[in-house]
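Here's the letter readout for the chains.
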Amino acid sequence: MSEKALTHGIKLKDKIGYALGDMGGLLTFSLIGAFQNKFYTDALGISPSKIVVLILIARIWDAINDPLWGAFIQSRKPKKSGQFRPWILGFSIPLAISAIFMFLKIPGLTSGKYLVYAYITYIMYGMMYTAVNIPYGSLASVVTDDELERSSLSMWRSIGAGVGGLPGTIILPMIVYTTTKTFANGQKLQSLDENKLFWCVVALSVFSVLIYFLHYKMTKERIAPQKKVKEEGYNAFATLKELCKNRAFVMLCIASMLLIAFQFYYQSTFTYLFADYYGKAGLYAMVSICTYLPMAIFIPVMNKLIPKFGKKELCAYGMCFASVACFILYFLRGSSLAHNPYVFLGFTFLSGLGQTFLVLEVWALVMDVIDYHEVRTGKREEGMAYAFFSFTRKLGQTLAGVGLNALLAYISYDGELSKKGIALGEDVLSKLYDISTLVPAIMLAIMAITLFFGYDLSKKKLAEIHSQLEVMRQEEE
């Protein structure tokens, strides 16, 4: 059988199987953006300033852990089942267990002990997620080397992520909040019920293991490891140095870092916004629908749009559109429209339309920059490349966590008031609306600028790279 036959022609089973990998991860990972900050402030009583330090220390460890894990996987001799798939399956159970402990409130601990417990469980979950996600992220580049098939895998991964995030962002908000007071105008004051949240996390964690098992059974690694690299040995520092010289890779890391920061920030901020500003915590479920519904609109036509306009071009213009929608929301502040949650959701949908292109194609862009790295260096080094890329996304998570908690402290948010049936002051609520609209608008604008002027793999240049890569691989045969 020829190499072409081995690396092309993936079927629906491959795409669904690949999507299940991100679905399994997002079943628990989405809970961080949706509930972790509120769990820490409202259930464990940890102040926002202390959460900032926790997140920063966790990311310092990630700076050491992620590249080491990527280099370790890249240097291991592949097993019969592949180079990446065994690691995904093997760490799926520890990942599920760590997620359960991260949302467990042990009764009777002091605030200091709750903080220590948060450090241990948060960092442990991050390590287990790295152990699964780095090999998963590297997997697509060895499933197929065809550009449109890779784009299709990227879209299916986004679908898997969207489906995996639905329970945490749509179903749980309608379950885990308790009404502590109803005002005369019908607006409700709602607080987080940590016991309900915990058992929901247990159920999602168990389900995630089953999903990972199906992912393992339905995927296949088609592209064999590069023999030349294996014979010469592996130098992680040399790889990292070359990646830093790759402008497209660096710019994509920045854009993706901002994307994950934006997603975590708005998910966490909107939790507070709908519970405290609008008094409709359950309506937060509509945020995910407004964000992911645009995917259903564009997925059927994405593989027609990409050859015509190019991935970079679609993503950059999409981010411009999304940014404008968020800026309009900010400038509506003070008006009656700003107090209507359905108007807010309408503009969230418009913003989601623009975000869809980068959300769907980001993983295809990752494979493109890894291909470009191979053209520049003659080496295919998915593990280390994805480890570095994954770390920059965690920096985005850090940026969101640090920024949100700094802003919550700035606006004087008090998580204990809702449990006492006391509403936040008008000044606090007004500022909460501001940080929920202006900050996302700025982040989206910066992403657009980065893609327009920094990321240089245009439609034309990418075609040249793939032609060079095809010649290189033919010479290796």
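Worth saying up front: this structure is predicted, and the values here are computed from it rather than measured.

On to the overall build of the chain. Each helix and strand counted, the chain has 17 helices and two strands in total. Relative to a compact globule of 477 residues, whose C-alpha radius of gyration would be 23 Å, the chain shows 22 Å and is just as compact. Along the first, second and third principal axes, the C-alpha set of the chain runs to 75 × 45 × 35 Å. Out of the 477 residues belonging to the chain, those deemed buried represent 59%. In the chain, the proportion of contacts linking residues at least 24 apart, taken out of those at least 6 apart, comes to 86%. Accessible area of the chain: about 19,100 Å², with a carbon and sulfur share of 67%. Mean positive and mean negative side-chain charge positions of the chain (46 and 35 charges, respectively) differ by 4 Å.

Let us look at the environment of I46. With respect to the helices and strands, the residue I46 is situated in the loop between α2 (12-43) and α3 (48-75). A sequence separation of 376 residues divides I46 from I422, and the C-alpha atoms of the two residues are 19 Å apart. For I46, the residues in contact, after removing those within four places along its chain, are Y40, T41, I51, Y114, L115 and A118.

Bringing empty space enclosed by the protein into the picture now. Under the definition given, this model contains eight cavities of 30 Å³ or more. Lining the largest cavity are 26 residues, and of these L26, F29, I260, Q263 and R393 lie nearest its centre. Secondary structure elements with two or more residues in the lining of the largest cavity: α2, α6 (111-143), α7 (147-171), α11 (247-277), α12 (285-309), α14 (341-377) and α15 (382-410). Class assignment for the residues of the lining of the largest cavity results in 13 nonpolar, nine polar and four charged. The computed volume of the second largest cavity comes to approximately 140 Å³. Along its surface, the second largest cavity is lined by 15 residues, and I32, Q36, N37, I55 and G401 are the ones closest to its centre.

Going through the model one piece at a time under the given rule, you end up with 30 aromatic pairs. Ring geometry for F39 against Y40: centres 6.2 Å apart, planes inclined by 45 degrees, an arrangement best described as tilted. For the pair formed by F39 and Y40, the shared burial category is buried. Taking 6.0 Å as the distance between ring centres and 20 degrees as the angle between the ring planes, the aromatic pair formed by Y125 and Y129 counts as stacked. In this pair, Y125 and Y129 both sit in helix α6, four residues apart, roughly one turn of the helix. On the basis of relative accessible area, Y125 is assigned to the buried category, the value being 2%. Put simply, the rings of F262, Y266, F270, F274, Y277, Y278, F344 and Y433 pair up and form one aromatic cluster. A cation sits over an aromatic face here: R85 above Y216, 4.2 Å from the ring centre. Lying across the ring of Y372, R376 places its NZ or CZ 6.0 Å from the centre.

This next bit is on the pattern of salt bridges. Pairs can form between side chains of opposite charge once their charged atoms are near each other. Tallied over the full model, the rule gives nine salt bridges. With a closest N to O distance of 3.1 Å, K38 and D42 form a salt bridge. Here K38 pairs with D42, and both are found in helix α2, just four residues apart, close to one helical turn. Put simply, K461 and D456 hold a salt bridge, and the shortest N to O gap is 3.3 Å. Beyond isolated ion pairs, a larger network of salt bridges with shared partners links K38, D42 and D276.

Right, let's get into the packing of helix α5 (residues 92-102) against helix α8 (residues 194-218). The relative placement of two packed helices comes down to the angle between their axes together with the axis-to-axis distance. Contact geometry for α5 and α8: axes closest at 9 Å, N-to-C directions at 170 degrees. Judged by the inter-axis angle, α5 sits roughly antiparallel to α8. Note on element contacts: α8 touches α5 through F198, V201, V202, S205, S208, V209 and Y212, opposite S92, I93, L95, A96, A99 and I100. Looking at the contact of α5 with α8 residue by residue, the classes come out as 10 nonpolar, three polar and no charged.

In this structure, S412 is a non-glycine residue whose phi angle is positive, near 65 degrees. Counting through the fold element by element, S412 comes out in the loop between α15 and α16 (426-453).

Within the largest apolar cluster, 144 residues are counted, with the highest numbers of intra-cluster contacts made by F35, Y40 and F274. Excluding residues within four positions of it along the chain, F35 makes contact with F103, G168, L172, P173, V176, Y177, L192 and L197.

Let us now look at the packing of α12 against helix α13 (residues 311-331). At a closest axis distance of 7 Å, the pairing of α12 and α13 adopts a crossing angle of 105 degrees. By the angle between their axes, α12 is roughly perpendicular relative to α13. The residues of α13 that touch α12, namely those facing L305, I306 and F309, are K311, E313 and L314. Grouping the amino acids of the contact of α12 with α13 by side-chain chemistry returns four nonpolar, no polar and two charged.

As for its placement among the helices and strands, K431 is situated in helix α16. Separated by 83 residues in sequence, K431 and T348 place their C-alpha atoms 19 Å apart.

Mapped onto the elements, A255 comes out in helix α11. Its relative accessible area of 0% is what places A255 among the buried residues. Sequence spacing of A255 and M447 is 192 residues, and the spatial spacing of their C-alpha atoms is 5.3 Å. Beyond its immediate sequence surroundings of up to four residues, A255 is in contact with M447, T450 and L451.

Another aspect to go through is the state of the cysteines. Tallying each qualifying case throughout the model produces zero disulfides. With no disulfide of its own, C244 lies 8.6 Å from the sulfur of C253, the closest cysteine sulfur. For C244, a relative accessible area of 46% gives the class partly exposed.

With that settled, consider the confidence of the model for the chain. Taken as a whole, the chain shows an average pLDDT of 85; of its residues, 91% reach a score of 70 or greater. Put simply, helix α1 (residues 3-7) is where the chain has its lowest mean pLDDT, 42, and α5 is where it has its highest, 96. pLDDT under 50 marks residues 1-7. Its contacts with residues more than four places away, or in other chains, come to 10 contacts.

The rules we used
Residues numbered from 1 in each chain as written. Predicted model: local features only at pLDDT ≥ 70, side-chain atom pairs only at ≥ 80, totals over all residues. Heavy atoms only, no water. Helix = DSSP H or I, 4+ residues; strand = E, 2+ residues; numbered from the N terminus. Rg over C-alpha atoms; globule rule 2.2 N^0.38 Å. Buried < 20%, exposed > 50% of the residue type's maximum accessible area, 1.4 Å probe, protein only. Contact = heavy atoms within 4.5 Å. Areas by Shrake-Rupley, 256 points an atom, 1.4 Å probe, with all protein chains shown as cover. Lys, Arg positive; Asp, Glu negative; His and termini not counted. Charge placed at Lys NZ, Arg CZ, Asp CG, Glu CD. 1 Å grid on protein atoms, 1.4 Å probe; cavity = no way out; pocket = protein on both sides within 12 Å on 5 of 7 lines; lining within 4 Å. Points joined across faces, edges and corners; volume = space filled by probe spheres on them. Nonpolar A, V, L, I, M, F, W, Y, C, P; charged D, E, K, R; others polar. Phe/Tyr/Trp six-rings, centres within 6.5 Å; stacked < 30°, edge-to-face > 60°. Lys NZ or Arg CZ within 6 Å of the ring centre and 35° of its normal. Salt bridge = Lys/Arg side-chain N within 4 Å of Asp/Glu carboxyl O. Axes fitted to C-alpha atoms, helices over the stretch in contact; angles between N-to-C directions. Parallel < 35°, antiparallel > 145°, perpendicular 65-115°, else oblique. Core = buried A, V, L, I, M, F, W, Y, C linked by side-chain atoms within 4.5 Å. Disulfide = S-S within 2.5 Å. pLDDT = per-residue confidence, 0-100.

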